[in-house]
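Residue strings, one per chain:
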Amino acid sequence: MPTVRWYLTRRMDKAIAVLNDKLQLKIQPFKLMQRRVMVERLAYDPQVIEAVLEHSKTEGVPYRVAEHMAYRYAREIVPSFSAMGYFGFAIKATRWLSRALYRVRLGYVDEEALKAIDPEATVVFVMNHRSNMDYILVTYLAASRSALSYAVGEWARVWPLKQLIRSMGAYFIRRKSRNLLYRRVLARYVQMATEAGVAQAVFPEGGLSRDGKLKPAKLGLLNYMVSGFDAETSRDICFVPVGLNYDRVLEDRVLLASDRGEKTGLIFKVFTFLKFIFRHFALRITGKFYRFGYASVSFGAPVSLKVFLKDNSFRSHEALTKALGKNLMDSVGRVIPILPASLVARIFLTNQKKALSKEEVIEKCNRALERLLAKGAYMHIPHKNFEYAVEVGLRMLVLRKALILEHGKYRLDSKELQLITYYANAIAHLG
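Source: prediction; values computed, not measured.

Engineer: An account of the pattern of salt bridges is requested, with residue identities and associated values reported.
Structural biologist: Taken as a whole and assessed by the stated rule, the structure comprises 12 salt bridges. Across the pair Glu-195 and Arg-188 runs a salt bridge, and its minimum N-O distance is 3.7 Å. Residue Glu-195 is classed as partly exposed on the basis of its relative accessible area of 49%. A salt bridge links Arg-400 to Asp-252; the shortest N-O distance between them is 2.8 Å. In this pair, Arg-400 is assigned in the loop between α18 (386-399) and β10 (403-406) and Asp-252 in helix α12 (residues 252-259), connecting sequence segments 148 residues apart. Given a relative accessible area of 0%, Asp-252 falls into the buried group. A single network of salt bridges, built from pairs that share partners, joins Asp-45, Arg-188 and Glu-195.

What follows is the structure, encoded as structure tokens:
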């Protein structure tokens, strides 16, 4: 009924206004646009129409067929953001889940630089990708700043996860698609969202790190964002480096199996997931459950695209995108926090044949940490007690069966060398 619709819309508009007063980065009108309107606006955008004509000619298909394909791609990509769902449900759910599984800590934050961001700029959080928990953790910790729009892979396009994720403002992408028309539609959506000032979060690595190392950036989404950018007339884009680390990554065994080339299809993943859930509940019931150590997120100094272009000169758009991608991944690497499990794993990786007492591990960790801190790294030290931090790292790796405790000394289980390497690699780029 029109009257009811008017009443609910008015109430929602008031709620959005209250939210925008509290958020550092306001929710833009583009994000609140009705999904049907946004789909049609994207599907019939002049650049998309041009891509449809080109596809029709090159593939030899009727124009209406190509037009229908573009419309279908637009429906697949465009989200349906719900402010009530995001702030009323998602934030509470991510807070509960994050705290239930980890001791969540906010690491290094360049607060002054974040506050100095131009309120009219488009803010893009650029993150390393360690776990699918990354989405949940950053959504929770960035809740006071803005509602983030994620690019989510095809893994999440299943009922009812698809509807939930889409209502959170995320948009789906086919990472491995080589269809030029699809790429043009996706590129135009990303450009429209960026031009409208929508706060976004991207994982330039493209997928989860299977060996624990920080990977170089894949430039697809970054290329779309900066395409057509004009330093004089365009809205500035501020890229915020975000570093994540965990004492335990939930998917570590699955990722390592994939890295070895073993089959990790749907059945394997479902079986592993159900096994994890069953064991988790069994430990909860028996009172033997320990949270999976610490999870920490750090926010670095923003990189303004206008300032980046002012300080550098590039001969081509490709050169700009490549240099920007490298700069951002270097910035992300610098703010990845050191956590106890990563530091202890690093020690045993360089002492594979030795059995070490707790005191020896503490001494070696202390020397290694001093070298890393001298290079500008950051470590979360729980309770400001370094010895306790080392104990946490040892306990986590013993629980993962990567270390064996015998006669008061710890030694590396040679069968778990890959697992130790995985956690040591999380901070390998720091030096």
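Engineer: Describe the pairing of strand β7 (residues 294-299), and please don't skip the residues or the numbers.
Structural biologist: Most of β7 is tucked away: six of the six residues are buried. The side-chain alternation of β7 yields two buried faces, one formed by Tyr-294, Ser-296 and Ser-298 and the other by Ala-295, Val-297 and Phe-299. Pairing of strand β6 (residues 237-246) with β7, which is carried by five bridges, proceeds in the antiparallel orientation. Its bridge partner lying in β7, Tyr-246 is registered against Ala-295.

Engineer: Pulling in residues and values, what's your account of the nonpolar core?
Structural biologist: Among the nonpolar cores identified, the biggest contains 79 residues, and Leu-148, Tyr-150, Val-242, Ile-338 and Leu-343 are the most heavily contacted of them. Leave out the neighbours within four places in its chain, and Leu-148 touches Lys-31, Tyr-86, Phe-125, Val-138, Ala-142, Met-168, Ala-199, Gln-200 and Ala-201.

Engineer: Give me unusual backbone geometry: which residues, what numbers.
Structural biologist: With a phi angle near 55°, Lys-384 is a residue other than glycine that sits in the positive phi range. Relative to the helices and strands, Lys-384 is located in the loop between α17 (358-374) and α18. The phi dihedral of His-407 is positive, around 55°, even though this residue is not glycine. Mapped onto the fold, His-407 is located in the loop between β10 and β11 (409-412). Given the relative accessible area of 85%, His-407 is considered exposed.

Engineer: Kindly report on the packing of aromatic side chains, identifying the contributing residues and their values.
Structural biologist: This model, assessed by the stated rule, comprises 11 aromatic pairs. Between the aromatic rings of Tyr-73 and Tyr-182, the centroid separation amounts to 5.4 Å while the plane-to-plane angle is 80°, which identifies the pairing as edge-to-face. With Tyr-73 in helix α5 (residues 63-77) and Tyr-182 in helix α10 (residues 180-195), this pair connects stretches of sequence that are 109 residues apart. Centre to centre, the rings of Tyr-135 and Phe-203 are 5.1 Å apart; their planes meet at 65°, and the pair counts as edge-to-face. Of this pair, Tyr-135 sits in helix α8 (residues 133-141) while Phe-203 sits in the loop between β5 (200-202) and α11 (220-226), placing them 68 residues apart in sequence. In this structure Tyr-135 comes out as buried when scored by relative accessible area, which is 10%. Note on Phe-203: relative accessible area 6%, which makes it buried. A connected cluster of aromatic rings, assembled from ring pairs, spans Tyr-102, Tyr-246 and Phe-292.

Engineer: Can you break down the side chain of Ser-357 residue by residue, with the values?
Structural biologist: By the secondary structure assignment, Ser-357 is in strand β9 (residues 356-357). Residues in contact with Ser-357, not counting those within four places in the same chain, are Gly-408 and Lys-409.

Engineer: A description of the sheet that holds β9 should follow, citing residues and the corresponding values.
Structural biologist: Strand order in the open sheet made by the three strands is β9-β11-β10, with antiparallel pairing throughout. Lying at the two open borders of the sheet, with one neighbouring strand each, are β9 and β10.

Engineer: Tell me about the packing of helix α3 (residues 35-43) against α5, and name the residues and values.
Structural biologist: At a minimum axis distance of 9 Å, the contact between α3 and α5 shows a crossing angle of 135°. With respect to α5, the axis of α3 lies oblique. Of the two possible hands of crossing, α3 and α5 adopt the one that is right-handed. For the pair α3 and α5, the contacting residues are Arg-35, Val-39, Glu-40, Leu-42 and Ala-43 in the first and Tyr-71, Ala-74, Arg-75 and Glu-76 in the second. Looking at the contact of α3 with α5, its residues break down into five nonpolar, no polar and four charged.

Engineer: Tell me about the environment of Ala-193, and name the residues and values.
Structural biologist: Turning to its location among the elements, Ala-193 is positioned in helix α10. Taking the relative accessible area as the measure of exposure, Ala-193 reaches 3% and is therefore buried. Separated by 162 residues in sequence, Ala-193 and Lys-31 place their C-alpha atoms 7.9 Å apart. Ignoring sequence-local partners within four residues, the contact set of Ala-193 consists of Phe-30, Val-198 and Gln-200.

Engineer: Would you mind going over the packing of α3 against α10 in detail, with residue names and values included?
Structural biologist: Two elements in contact, α3 and α10, have axes separated by 10 Å at closest approach and are oriented at 120°. It follows that α3 is oblique to α10 by the angle criterion. In the packing of α3 onto α10, the handedness of the crossing is right-handed. On α10, the residues that touch Met-38, Arg-41 and Leu-42 of α3 are Val-185, Arg-188, Tyr-189 and Met-192. The residue makeup of the contact of α3 with α10, split by class, is five nonpolar, no polar and two charged.

Engineer: Which residues make up α5, and what are the values?
Structural biologist: The first and last C-alpha atoms of α5 sit 21 Å apart over 15 residues, in line with the 21 Å expected at 1.5 Å per residue. Looking at α5, one finds that the buried residues are Ala-66, Glu-67, Met-69, Ala-70, Tyr-73, Ala-74, Glu-76 and Ile-77.

Definitions and cut-offs
Residues numbered from 1 in each chain as written. Predicted model: local features only at pLDDT ≥ 70, side-chain atom pairs only at ≥ 80, totals over all residues. Heavy atoms only, no water. Salt bridge = Lys/Arg side-chain N within 4 Å of Asp/Glu carboxyl O. Buried < 20%, exposed > 50% of the residue type's maximum accessible area, 1.4 Å probe, protein only. Helix = DSSP H or I, 4+ residues; strand = E, 2+ residues; numbered from the N terminus. Pairing = 2+ DSSP bridges. Core = buried A, V, L, I, M, F, W, Y, C linked by side-chain atoms within 4.5 Å. Contact = heavy atoms within 4.5 Å. Phe/Tyr/Trp six-rings, centres within 6.5 Å; stacked < 30°, edge-to-face > 60°. Axes fitted to C-alpha atoms, helices over the stretch in contact; angles between N-to-C directions. Parallel < 35°, antiparallel > 145°, perpendicular 65-115°, else oblique. Left-handed = near helix turned anticlockwise from the far one by under 90°. Nonpolar A, V, L, I, M, F, W, Y, C, P; charged D, E, K, R; others polar. Expected span 1.5 Å × (residues − 1).

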